[in-house]
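Summary of the model geometry
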Amino acid sequence: EAGVAQSPRYKIIEKRQSVAFWCNPISGHATLYWYQQILGQGPKLLIQFQNNGVVDDSQLPKDRFSAERLKGVDSTLKIQPAKLEDSAVYLCASSLLGGSEAFFGQGTRLTVV
Amino acid sequence: SQQGEEDPQALSIQEGENATMNCSYKTSINNLQWYRQNSGRGLVHLILIRSNEREKHSGRLRVTLDTSKKSSSLLITASRAADTASYFCATDGDYTGKLIFGQGTTLQVKP
């Protein structure tokens, strides 16, 4: 069974630039999560989709972050413009149902300089 | 906001010893899960315990859940150097289906 695919694995950008991350969840998984993980901390939920609808985006900085999940499958997370404090690993995960066992991708390590 | 809080933040033991880490959470839950994260890698699901269960085993892992105290513990028996990782508890956040993680416990197992 193919796992959760994320790209790119690494990205270095200058502050005020824009960046996009892509995630392909496990086939058949209705729920997709995007997390931000700052070094030494636990993953922070940015946004959760159920199919192509948003379940929760209460911690997504909507002035600079956006996410979409077209056709309830792949998802993209965008940051525009990036700040230094956005440097983190961005993790995508999927599960059959919200709150059930989640499968994580390898993450994208973003460095903003 | 983080739902769970793990204790201790860091733990260092010798190979062969047991490791116990605890998680406290704030809201009602349907289930609680434990995940492992090796350095620089994604998270891996270890075990899920439902709110109507008190104890669950999987290989060398034993998880307990006390819903009255809103707490859980993860016991790793006969630890190995390969168990060195960060361990996180995650809850489904007050029946919302959200998956909220704690700050984690960093475990070092010395050979």
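This structure is a prediction, so every number in the text was calculated from the model and none was measured.

Once that is clear, we can look at the overall build of chain A. Counting secondary structure elements, chain A contains zero helices and eleven strands. When the helices and strands of chain A are read in sequence order from the N terminus, they spell out β-β-β-β-β-β-β-β-β-β-β. For 113 residues, the compact-globule estimate of 2.2 N^0.38 gives 13 Å, and the C-alpha radius of gyration of chain A, at 13 Å, lies within 12% of that figure. When each of the 113 residues of chain A is scored for burial, the buried share is 46%. The long-range share in chain A, meaning contacts at least 24 apart out of those at least 6 apart in sequence, stands at 53%. Counting only carbon and sulfur atoms, one obtains 51% of the accessible surface of chain A, whose full area is about 5,500 Å². Computing the positive centroid from 12 side-chain charges and the negative centroid from 10, chain A places the two 6 Å apart.

Residue and element names in this part refer to chain A. Enumeration over the complete set of coordinates arrives at two disulfides over all chains. Here Cys23 is linked by a disulfide to Cys92, with a sulfur-sulfur distance of 1.9 Å. An S-S torsion of about -70° defines the bridge between Cys23 and Cys92 as left-handed. With a gap of 69 residues between them, Cys23 in strand β3 (residues 19-24) and Cys92 in strand β9 (residues 88-95) connect regions that are remote in the sequence.

We now examine the sheet that holds strand β1 (residues 5-7) of chain A. Residue and element names in this part refer to chain A. Taken in spatial order, the four strands of this open sheet run β1-β3-β8-β7, and their pairing is antiparallel. Lying at the two open borders of the sheet, with one neighbouring strand each, are β1 and β7 (65-68). Each strand of the sheet is rotated relative to its neighbour by a mean of 15°, with strand direction disregarded. Relative to β3, β1 runs antiparallel, the two sharing three bridges. When the sheet's bridge partners are listed, Ser7 is paired in β3 with Trp22.

In this complex, chain A contributes 23 residues to the contact, which on the side of chain B involves 22 residues. Summing the contributions of chain A and of chain B, the shared interface buries around 1,600 Å²; its carbon and sulfur component is 48%. Remark: the boundary between chain A and chain B carries one salt bridge. Where Asp56(A) meets Lys98(B), a salt bridge forms, and the shortest distance between an N and an O atom there is 3.4 Å. Where chain A meets chain B, there are nine residue pairs in polar contact (both at pLDDT 80 or more). Elements with a minimum of two residues in the side of chain A that touches chain B: β4 (31-37), β5 (44-50) and β6 (53-56) of chain A. In terms of residue class, the side of chain A that touches chain B is made up of eight nonpolar, ten polar and five charged.

Below, the discussion takes up the pattern of salt bridges. Within this structure, the stated rule accounts for five salt bridges over all chains. In this structure, Lys62(A) engages Asp57(A) in a salt bridge whose closest nitrogen and oxygen atoms are separated by 3.7 Å. According to the relative accessible area criterion, Asp57(A) is partly exposed, its value standing at 25%. Note that Arg60(B) and Asp83(B) form a salt bridge whose closest N and O atoms lie 3.0 Å from each other. In this pair, Arg60(B) sits in the loop between β6 (55-58) and β7 (61-66) while Asp83(B) sits in the loop between β8 (71-76) and β9 (85-91), placing the two residues 23 residues apart along the sequence.

The next thing to look at is the sheet that holds β6(B). All names here are of chain B. The strand order across the open sheet formed by five strands is β1-β3-β8-β7-β6, and the pairing between neighbours is antiparallel. Bordering the open sheet on either side are β1 (5-7) and β6, each of which pairs with just one other strand. Averaged over all adjacent pairs, the angle separating strand axes in this sheet is 20°, with direction ignored. In terms of strand pairing, β1 meets strand β3 (residues 19-24) through three bridges, oriented antiparallel. Bridging across to β3, Glu5 finds its partner in Ser24.

Rules of the game
Counting restarts for each chain: residues are numbered from 1 in the order of the written sequence. Throughout, the order in which chains and ligands are written sets their labels, letters from A for the former and numbers from 1 for the latter. Note on the predicted model: pLDDT of at least 70 is required for a residue's local features to be given, and 80 or more for side-chain atom pairs to be given and counted; whole-chain, interface and lining totals, by contrast, use all residues. Hydrogens are left out, water is left out, and the side-chain values use all remaining heavy atoms of the structure. Helical segments are the DSSP runs of H or I of at least four residues, strand segments are the runs of E of at least two, and each set is numbered from the N terminus. C-alpha atoms define the radius of gyration in this analysis, and the globule rule sets the expected value at 2.2 Å times the number of residues to the power 0.38. Only protein chains enter the calculation, and the probe is 1.4 Å; a residue is then buried if its accessible area is under 20% of its type maximum, exposed if over 50%, and partly exposed in between. The criterion used for residue contact is that any of the two residues' heavy atoms lie within 4.5 Å. To measure how exposed things are, a 1.4 Å probe is used in the Shrake-Rupley method; for residues, cover is taken only from the protein chains shown. Positive: Lys, Arg. Negative: Asp, Glu. His and the chain ends are not part of the count. Just so you know, the charge point we use is NZ for Lys, CZ for Arg, CG for Asp and CD for Glu. Criterion for a disulfide: a pair of cysteine sulfur atoms within 2.5 Å. Strand pairing requires that DSSP identify at least two bridges connecting the strands. To obtain each axis, a line is fitted to C-alpha atoms, and for helices this fit is confined to the stretch in contact; angles are then taken between N-to-C directions over 0 to 180 degrees. Buried area counts how much accessible surface, traced with a 1.4 Å probe, disappears from two parts once they are put together, with both parts' losses summed. The rule for a salt bridge is simple: a side-chain nitrogen of Lys or Arg has to be within 4 Å of a carboxyl oxygen of Asp or Glu. Identification of polar contacts relies on pairs of N or O atoms within 3.5 Å, with a donor-acceptor requirement for protein atoms, meaning one able to donate a hydrogen and the other able to accept it, and with residues adjacent in sequence counted only if both atoms are side-chain atoms. Note on residue categories: nonpolar means Ala, Val, Leu, Ile, Met, Phe, Trp, Tyr, Cys or Pro, charged means Asp, Glu, Lys or Arg, and polar means any other residue, Gly included.

By themselves, these are just geometric observations and shouldn't be taken as functional.
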